[in-house]
Amino acid sequence: MRSAEWYGGDDRNSYIHRAWMRRGLPSDAFDGRPHIAIANTASDLTPCNAHLNEVARSVSDGIYQAGGIPLNLPVVSLGETQVRPTAMLWRNMAAMAIEEMLRANPIDGVVLLGGCDKTIPSLLMAASSVDLPAVVVPGGPMLTGTFRGVPLGCGTDVWKLSEEVRAGTLSAAEFTRSESSMIRSRGHCNTMGTASTMGLLAEVLGMTLPGIAGTPAPDSRLLEMSHETGVLIVEMVQKERRPSQVMTRASFVNAIVALAALGGSTNAVVHLLAIAGRLGVPLTLDDFDRVGADVPLLVDLQPAGRFLMEDFFRAGGLHAVLAEVRDLLDPAGLTVTGRPLVEYLYSAVGDERAVVVEDRADLVESPSVPSSSPASASSSSSAAVPSSSSTDVASSAPVVSPPDAASSSESRSALGGDGSALIQDGGSGVVGGGPAVVGGGSTGAGGGSAGVGGGSASLGGHSAVVYDREVIRARAEPLQEAAGIAVLYGNLAPDGAVIKPAAASPALLRHRGPAVVFDSVEDLHARLDDPALEVTPDSVLVLRGCGPKGYPGMPEVANMPLPAKLLEQGVRDMVRICDGRMSGTAYGTVVLHVAPEAAAGGPLALVRTGDMIVLDVPARRLYVDIPDAELLARTPSPATVEAYASPRRGWEKLYVDTVGQANTGADLDFLIGSSGDKVSRESH
Ligand code: FES
Ligand code: MG
């Protein structure tokens, strides 16, 4: 154990490390058991994560049960709605601080508790750079709120309602009254915004207990699976299962597929690139287009569609969606259980694709379903193979469970010929539960092993079954055929820009119109509603100075409000272009993440009001229709340059001096990569 480097021995330093930690811990706490940090982003100022202390207690119980020592580690937390100028300014700071504390402390593994937008990305970036055994517990979405009998989606409906106020169809008093209806319970935003997206993608990357992502924050199953995650992390430490083994290129390919099928947030592009950068996994902006562009949108959730995360979970959740696109997933993508993600996507014996479609009224929470769930398959497999079940761990002194009896070759053959890989346990045994028959055999099913605590993992009662085809569509009847992120290039974005066609107006995906340029958010707000502003529905709104360096922090301002006089005419969407980001809960024909940003010398700084701009999403083009030489001969106006941030000290200075562009993940240049978990010097 890594912690034994602190606590083992009888010299003065180990005395100091042990003595200050005792405070009620029994002596056997230092006998070599895994010490597990619970990196907890609970904070009253991150309201989406405020419930994570309760989650942490369940995780602690699971760690204790499995023979580990749980240690609460409060870490930098970012409340998306609260901090100014933007939570993104501190994603990298949070990641850096968490990384350093994970490495500096005497811990053997870590459970990462996140939820609100930047929290799971910063935790995963940190864990990647330390590469200690790590598992995420996504805090989960809040319940559906209703206002005047109609469901309200967090974020998405804020934009809609505020536009209604500006258009004069909703009173300011009613608008205010809707606040507590919208935010009805603990949990993060319940649309398919960034928080929902990153919680789900954490699971697709392999970094959660399979089946947990998307569980609503107040749902008792979240606590049950949090407990199981505590059991799992102890096993992971014993098997030395690290993020670098789990998050491989295959995992990122799967995340891109899932991002498209889910209709997830554009912010995931920046976060996935940053996480991959920490791991040294080759991943580029173009991969999102190449891998994801043709993936169909299967989930009818706001902002692209109608429903909310509670509906998504009830309809079958992540595994039901992934089962629909299983053929597009890379079977080499592994999970923290040591077993492939695709193993968890079968449910019904005898159904080749293992997706059962039934009338939801018959099937929701029906007791007949779990009999074919992965959890029950796990129970049967664990009966035949000694596993690291929770009871094994609890009864084996002091903590280390027996290695799995299954040899890797046995399990490989049991996996059939689908190329699935397993994480090796010291080269001798297979980690996770017993071998599961998957992909081979006549049924094509057999269920994925839960692999977690042997037969104890319930996977929340979820299996890859669709209970509501309104919410989760069949592959043959998608909401949209090709829904992934489109990556655009041209003289406005030499290093690329992104657009989410699923959230855009189809009629605007090919558009030519005159630019109306704003140098800053303040400039936009000062002039947008001016009746004298020369703007038509064909105009292209351009907002610059909002990239990582320019603002600083790349805020979510790209979904600019529309000019009041156009709103009054009934205009609800226009082409907008920005070097900033857009809230994952927003919608519209918005070109984002223009790289390089204006403040980093990008040609976006050179566009003038009246220039003709061409957006051609099918051709992946974005350009200003003047000769390149003429464009590049221009210099940015003084007003443009004056709008850029120029911090002189502190974090903002460090950030602006070292942050990279959106197309590579907007990480700080000196944080890319990993330093591992080694600490070279003693403290005394
Ligand atoms: Fe926290 Fe939306 S504000 S997830
Ligand atoms: Mg956000």
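- You'll find the protein chain entered in an unreviewed UniProt entry as Dihydroxy-acid dehydratase, with Paractinoplanes deccanensis given as the organism.
- As stated in UniProt under Sequence similarities (unreviewed entry), the record for the protein chain gives "Belongs to the IlvD/Edd family."

Considerations on the UniProt feature "domain: Dihydroxy-acid/6-phosphogluconate dehydratase N-terminal" (unreviewed entry) in the protein chain
And step 1. Mapped onto this numbering, the UniProt entry annotates "domain: Dihydroxy-acid/6-phosphogluconate dehydratase N-terminal" (unreviewed entry) at residues 33-343.
And step 2. Across residues 33-343 one finds 47% helix and 9% strand; the C-alpha atoms that close the span lie 30 Å apart.

A word on the sheet that holds strand E3 (residues 109-114)
And step 1. Taken together, 4 strands build an open sheet; the order of strands is E2-E1-E3-E4 and the sheet is parallel. Each edge of the sheet is formed by a strand with only one pairing partner; in this case those strands are strand E2 (69-74) and strand E4 (134-138). Across this sheet, the average inter-strand angle for adjacent strands is 20 degrees, counted without regard to direction.
And step 2. Here 5 bridges tie strand E1 (residues 35-40) to E3, and the two strands are oriented parallel to one another. What sits directly across from asparagine 40, in E3, is leucine 113.

Details of the packing of helix H9 (residues 194-204) against helix H12 (residues 249-262)
Two packed helices can be described by the angle between their axes and the distance between those axes.
And step 1. Running from amino to carboxyl end, H9 crosses H12 at an angle of 140 degrees, the nearest separation of the two axes being 9 Å. The two elements H9 and H12 meet at a crossing, and its hand is right-handed. Judged by residue contacts, Thr197, Leu200, Leu201 and Val204 of H9 engage Asn254, Ala255, Ala258, Leu259 and Leu262 from H12.
And step 2. Residues belonging to the contact of H9 with H12 are distributed by class as follows: 7 nonpolar, 2 polar and no charged.

What to know about the environment of leucine 222
And step 1. By the secondary structure assignment, leucine 222 is in helix H10 (residues 220-239).
And step 2. Between the C-alpha atoms of leucine 222 and methionine 582, which are 360 residues apart in sequence, the distance is 29 Å.
And step 3. Once you skip the residues sitting within four places of it in the chain, leucine 222 turns out to touch Val55, Gly140, Thr215 and Ala217.

Quick word on the UniProt feature "domain: Dihydroxy-acid/6-phosphogluconate dehydratase C-terminal" (unreviewed entry) in the protein chain
And step 1. Following the UniProt record, one finds the feature "domain: Dihydroxy-acid/6-phosphogluconate dehydratase C-terminal" (unreviewed entry) at residues 470-666.
And step 2. Between the first and last C-alpha atoms of residues 470-666 the distance is 37 Å; the span itself is 16% helix and 22% strand.

Rules used throughout
- Residues numbered from 1 in each chain as written.
- Chains lettered and ligands numbered in written order.
- Predicted model: local features only at pLDDT ≥ 70, side-chain atom pairs only at ≥ 80, totals over all residues.
- UniProt positions renumbered as here; feature names shortened; annotations may be inferred.
- Helix = DSSP H or I, 4+ residues; strand = E, 2+ residues; numbered from the N terminus.
- Pairing = 2+ DSSP bridges.
- Axes fitted to C-alpha atoms, helices over the stretch in contact; angles between N-to-C directions.
- Left-handed = near helix turned anticlockwise from the far one by under 90°.
- Contact = placed C-beta atoms within 7 Å.
- Nonpolar A, V, L, I, M, F, W, Y, C, P; charged D, E, K, R; others polar.

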